[in-house]
Amino acid sequence: SGSSIRAYDLQDGSVLWQTAVDMTFNPFPPNQKYRGDLSSIHPDPELYAMNAMAEQRLWHDQTFGSITSDGSLVFSVEDLRSIEMPTWMAVATMENENILRAYDVSSGKARWEIGGPGGATALPLAGTFFLGPPLPLQGRLYCLVEQDSQIRLLVLEPETGQLLWSQSLLTNIKRQN
């Protein structure tokens, strides 16, 4: 199961629309299980990994479940499958990218998305890690992101997600988990 963004009618509480956002996480690659011996740490390695991942999601991933809106679009940081357990320690790490998606506030239909992993079918701003949903202000979207070991301020056009300009705020950062 997953989560989604829902719009409710304020008069009767009915759901007006719902997105198909999948915000689930899984510490194991598809169709694989941990085969090592963690019995000295925990008798159930899958439960141990899930607990560590839940702790990471709840205490260290402030983007999870946060949205903003400019009145005509709803903005959400997604593709949170980026949490993974690279070792069997209690620390999970974040990947270097996620996706910023815009939904029409009236219909719930996705209007645009940016970010995500690089590659042949990469989206604009691939490799960007959005530190939260954007701040809509005076017809622009202001986003704090991590890109190429830098914290940057990106300014986007709300209707298309097109990058208007960016400014480096901090360079040579190392993410701590």
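Peer 1: Hey, could you run me through the pairing of strand 11 (residues 140–147) in this one?
Peer 2: If a strand is regular, its side chains alternate between the two faces of the sheet. In the sheet, strand 9 (residues 129–130) pairs with strand 11 via two bridges, with the strands oriented antiparallel. Residue pairing across strands places Phe130 opposite Val145, the latter belonging to strand 11. Here strand 10 (residues 135–137) pairs with strand 11 via three bridges, running antiparallel. Residue Leu135 lies in a different strand from strand 11, and its bridge partner there is Tyr142.

Peer 1: Sorry if this is basic, but what is going on with the packing of aromatic side chains here?
Peer 2: Here the distance between the centres and the angle between the planes together describe a pair of aromatic rings. For the coordinates displayed, the defined rule picks out one aromatic pair. Ring geometry for Phe75 against Trp112: centres 6.0 Å apart, planes inclined by 40°, an arrangement best described as tilted. Here Phe75 is found in strand 4 (residues 73–78), whereas its partner Trp112 is found in strand 8 (residues 110–115), with 37 residues between them in sequence. Its relative accessible area of 8% is what places Trp112 among the buried residues.

Peer 1: Help me out: how do you make sense of the environment of Gly127 in this one?
Peer 2: Checked against the element boundaries, Gly127 lands in the loop between strand 8 and strand 9. Between the C-alpha atom of Gly127 and that of Asn98, which follows or precedes it by 29 residues, the distance is 7.7 Å. Once you skip the residues sitting within four places of it in the chain, Gly127 turns out to touch Asn96, Glu97, Gly116 and Glu146.

Peer 1: Just checking my understanding: could you explain the side chain of Ser76 for this structure?
Peer 2: Topologically, Ser76 is positioned in strand 4. Here Ser76 falls in the buried class, since its relative accessible area comes to 0%. In this structure the side chain of Ser76 is engaged in a polar contact, spanning 3.2 Å, whose partner is the side chain of Glu78.

Peer 1: What should I look at first to understand the sheet that holds strand 3 (residues 67–69) in this one?
Peer 2: What links the strands of a sheet is backbone hydrogen bonding, and the strands pair in either a parallel or an antiparallel sense. Within the open sheet, the four strands sit side by side as 3-4-7-8. Their pairing is antiparallel. Only two strands of the sheet have a single neighbouring strand rather than two, namely strand 3 and strand 8. With strand direction ignored, the average angle separating the axes of adjacent strands in the sheet is 20°. Bridge count for strand 4 against strand 7 (residues 99–104) is six bridges, and the pairing is antiparallel. Along strand 7, the bridge assignment pairs Val77 with Leu100.

Peer 1: Explanation requested: unusual backbone geometry in the structure shown.
Peer 2: Phi is mostly negative for residues that are not glycine, and the peptide bonds are mostly trans. With a phi angle near 50°, Asp148 is a residue other than glycine that sits in the positive phi range. Tracing the backbone through its elements, the reader meets Asp148 in the loop between strand 11 and strand 12 (150–156). Note on Asp148: relative accessible area 71%, which makes it exposed. Of note in the backbone geometry, Ser149 takes a positive phi value of approximately 60° without being a glycine. Locating Ser149 in the fold gives a position in the loop between strand 11 and strand 12. Judged by relative accessible area, Ser149 falls into the partly exposed class, the value being 37%.

Peer 1: Would you mind showing me how to read the pattern of salt bridges here?
Peer 2: Pairing is possible between side chains that carry opposite charge, provided their charged atoms lie close to one another. This model, assessed by the stated rule, comprises four salt bridges. Among the ionic pairs, Arg111 bridges to Asp104, the shortest N-O distance being 3.1 Å. Taking relative accessible area as the criterion, Arg111 reaches 39% and is therefore assigned partly exposed. Note that Glu159 is salt-bridged to Arg111, the shortest N-O span being 2.4 Å. Here Glu159 is found in the loop between strand 12 and strand 13 (163–171), whereas its partner Arg111 is found in strand 8, with 48 residues between them in sequence. Given a relative accessible area of 39%, Glu159 falls into the partly exposed group.

Reading the values: rules and limits
Think of each chain on its own: its residues are numbered from 1, step by step along the sequence as written. Residues qualify for local features only when their pLDDT is at least 70, as the model is predicted, and side-chain atom pairs are given and counted only at 80 or more; totals for whole chains, interfaces and linings, by contrast, use all residues. The basis for the side-chain values is all heavy atoms of the structure; hydrogens and waters are excluded. Any two strands are treated as partners once DSSP identifies two or more bridges connecting them. Numbering of helices and strands runs from the N terminus, with a helix taken as a DSSP run of H or I at least four residues long and a strand as a DSSP run of E at least two residues long. Two aromatic rings, drawn from Phe, Tyr or Trp (for Trp, its six-membered ring), form a pair once their centres lie within 6.5 Å of each other, and the interplanar angle then sorts them: stacked below 30 degrees, edge-to-face above 60, tilted otherwise. Only protein chains enter the accessibility calculation, which uses a 1.4 Å probe. A residue is then buried if its area is under 20% of the maximum for its type, exposed if over 50%, and partly exposed in between. Should any heavy atoms of two residues lie within 4.5 Å, those residues are counted as being in contact. Polar contacts here mean pairs of N or O atoms no more than 3.5 Å apart (in protein, one a potential hydrogen donor and the other a potential acceptor; neighbouring residues in sequence count only if both atoms are side-chain atoms). Throughout, an axis means a line fitted to C-alpha atoms (over the contacting stretch in the case of helices), and angles, computed between N-to-C directions, take values from 0 to 180 degrees. Salt bridge, as used here: a side-chain nitrogen of Lys or Arg that lies within 4 Å of a carboxyl oxygen of Asp or Glu.

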